[in-house]
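# Geometric and topological summary
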Amino acid sequence: MTDIDKTAGPKDTPPAGAEAVKAIPVRHYGRYVTAVIAIAVLVAITNAFAQGKINWHAIPDYFFDDRIMTGVGKTLLLTVLSMLIGIVGGIILAVMRLSKNPVTSAIAWFYIWFFRGTPVLVQLFLWFNLGLVFEYINLMPIYKDYWSSFMTPLLTALLGLGLNEAAYMAEICRAGLLAVDEGQTEAAHALGMSHGKTLRRVVIPQAMRVIVPPTGNEVINMLKTTSLVAQVQFSELFRYAQDIGQNSGAPVEMYFLAAAWYLIMTSVLSVGQYYLERYYARGSSRTLPPTPWQKVKKNLTTFSSRKVTA
């Protein structure tokens, strides 16, 4: 009986008389044409800006101007406070929306319907001009003053941005809460946990994996939306850039300067969002994907080892 070698694999050499198969890659001419067109458009746009009457030297001259830096600080402060109002309000509205009480659920639905259905700029003007309807605000023994003195530009910006954001955060939080399996809630209730404790200890930590990514996008969007508050007399980055541009005679250059600062701030926030998403993804995957810095270190290590081997 002949023994069969089970470890033997297929022969590397082709049988006698057979020709080796030569693989010819498929040429994608459409990709080449698209790349050429994209490069041509980019060159044309760059050439147009290079020949335009733009004083590019004005941008670095005012880039770290005291007024610009003050505007950057106010923009970040307004973003943080508005998002804080939006997140807290969104969580409350999401819980109300999911409540079995028809009154609280209807109130939350109406709030979301109204604030998502009207532009944020319109809401800012409504808050700013309510003094034409109410002469003064009267909170009984706590506070009483004229509406024009009470509704400052900062308060107008916070109410307009924060309350509008709460409507969007409510839907994001509601989607995150619904993404958690109902068995988690039933198990927590079986252990004797109250509804509020179940939300804090069981549901919300698991829902964060769904809530964090769109919330990060909302933070970045809020940073850019703060430029609208210049219309209600609140001075932030865009308003300061406008004022400098009018006084210096370089309005377009200051718009480019403001755009550069917005790009810097949104880029930093994007990095923070990436690591926050990575933090809450720890329980969903056994091995987390490498960070950009880890990828760079790996590539450098591989390149060094190849160089030493050579």
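Below you will find a few notes about this structure. (Residues numbered from 1 in each chain as written. Predicted model: local features only at pLDDT ≥ 70, side-chain atom pairs only at ≥ 80, totals over all residues. Heavy atoms only, no water.)

## Considerations on the overall build of the protein
In terms of regular secondary structure, the protein is built from 12 helices and two strands. Each helix and strand of the protein, placed in order from N terminus to C terminus, yields the pattern α-α-α-α-α-β-β-α-α-α-α-α-α-α. Of the roughly 21300 Å² of accessible surface on the protein, a fraction of 64% belongs to carbon and sulfur atoms. (Helix = DSSP H or I, 4+ residues; strand = E, 2+ residues; numbered from the N terminus. Areas by Shrake-Rupley, 256 points an atom, 1.4 Å probe, with all protein chains shown as cover.)

## Considering the nonpolar core
In terms of nonpolar packing, the biggest core is built from 21 residues, with Leu78, Leu161, Met169, Leu177, Val203, Ala207 and Val229 touching the most fellow members. Among the secondary structure elements, those contributing two or more residues to this core are helix H3 (66-97), helix H5 (120-128), helix H7 (153-179) and helix H9 (195-225). Counting 15 residues, the second-largest nonpolar core is a separate cluster that includes Ile59, Ile68, Ile244 and Met254. (Core = buried A, V, L, I, M, F, W, Y, C linked by side-chain atoms within 4.5 Å. Buried < 20%, exposed > 50% of the residue type's maximum accessible area, 1.4 Å probe, protein only.)

## Quick word on the packing of aromatic side chains
Overall, the coordinates contain 12 aromatic pairs when judged by the stated rule. Here the aromatic rings of Phe63 and Trp261 are separated by 4.9 Å at their centres, their planes lie at 20 degrees, and the arrangement is stacked. Of this pair, Phe63 sits in the loop between helix H2 (58-62) and H3 while Trp261 is found in helix H11 (residues 251-280), placing the two residues 198 residues apart along the sequence. With respect to burial, Phe63 and Trp261 carry one shared label: buried. (Phe/Tyr/Trp six-rings, centres within 6.5 Å; stacked < 30°, edge-to-face > 60°.)

## Brief notes about the side chain of Asp65
Position of Asp65 relative to the elements: it lies in the loop between H2 and H3. The exposure class assigned to Asp65 is buried, which follows from its relative accessible area of 19%. Of note is the side chain of Asp65, whose polar atom sits 2.9 Å from the backbone nitrogen of Arg67. (Polar contact = N/O pair within 3.5 Å; in protein donor to acceptor, adjacent residues only side chain to side chain.)

## Some details on the environment of Ile220
If you trace the backbone, Ile220 turns up in helix H9. The residues contacting Ile220, other than those within four sequence positions of it, are Thr266, Leu269, Ser270 and Gln273. (Contact = heavy atoms within 4.5 Å.)

## Description of the pattern of salt bridges
With the rule as written, the count across this model stands at three salt bridges. One salt bridge connects Arg174 with Glu171, and the closest N-O pair in it is separated by 3.0 Å. With a gap of three residues between them, Arg174 and Glu171 both fall in helix H7, about one helical turn apart. By relative accessible area, which is 23% here, Arg174 ends up partly exposed. (Salt bridge = Lys/Arg side-chain N within 4 Å of Asp/Glu carboxyl O.)

## Structural notes on the packing of H3 against helix H4 (residues 102-117)
Running from N to C, H3 and H4 cross one another at 130 degrees; their axes reach a closest spacing of 7 Å. Taken as axis vectors, H3 and H4 run oblique relative to one another. In this structure, H3 crosses over H4, and the sense of that crossing is left-handed. Here Leu93, Met96 and Arg97 of H3 lie close against H4, whose contacting residues are Thr104, Ser105, Ile107, Ala108, Trp109, Tyr111 and Ile112. (Axes fitted to C-alpha atoms, helices over the stretch in contact; angles between N-to-C directions. Parallel < 35°, antiparallel > 145°, perpendicular 65-115°, else oblique. Left-handed = near helix turned anticlockwise from the far one by under 90°.)

## Digging into the environment of Ser235
Within the secondary structure, Ser235 sits in the loop between H9 and helix H10 (237-248). Residue classification places Ser235 among the partly exposed residues on the basis of a relative accessible area of 21%. Sequence separation between Ser235 and Arg67 is 168 residues, and the spatial gap between their C-alpha atoms is 9.9 Å. Residues contacting Ser235, with those up to four places away along its chain left out, are Lys74 and Tyr240.

## Quick look at helix H8 (residues 182-190)
N-cap assignment for H8: the residue whose side-chain oxygen lies 2.8 Å from the backbone N of Gly183 is Asp181. The first or second residue beyond H8 is Gly192, which carries a positive phi of 95 degrees.

## Some words on a nonpolar patch on the surface
On the surface, Val33, Ile37, Val41, Ile45, Phe49 and Trp56 cluster together into a nonpolar patch covering about 540 Å² of accessible area. Structurally, Ile37 can be placed in helix H1 (residues 29-51). (Patch = residues over 30% accessible without salt bridge, like charges linked within 9 Å, V, L, I, M, F, W, Y side chains within 5 Å.)

## Quick word on the side chain of Ser82
Residue position: Ser82 is located in helix H3. The class for Ser82 is buried, based on a relative accessible area of 0%. At 2.8 Å, the side chain of Ser82 forms a polar contact with the backbone oxygen of Leu78. For Ser82, the contacting residues outside a window of four places in its chain are Ala157, Leu158, Leu161, Gly162 and Met222.

## Considerations on the environment of Tyr111
In this structure, Tyr111 sits in helix H4. For the pair Tyr111 and Leu163, spaced 52 residues apart in sequence, the C-alpha separation works out to 9.4 Å.

## Some words on unusual backbone geometry
Working note: non-glycine residues mostly have negative phi, and peptide bonds are mostly trans. Positive phi values are uncommon outside glycine, yet Gln233 reaches one of about 70 degrees. The residue Gln233 is located in the loop between H9 and H10 in this model.

## Comments concerning H3
The periodicity of an α-helix, 3.6 residues per turn, causes residues three or four positions apart to be oriented the same way. Taking 1.5 Å as the rise per residue, H3 with 32 residues should run 46 Å; its terminal C-alpha atoms sit 45 Å apart, in good agreement. N-capping of H3 is provided by Asp65, with a side-chain oxygen placed 2.9 Å from the backbone N of Arg67. (Expected span 1.5 Å × (residues − 1).)

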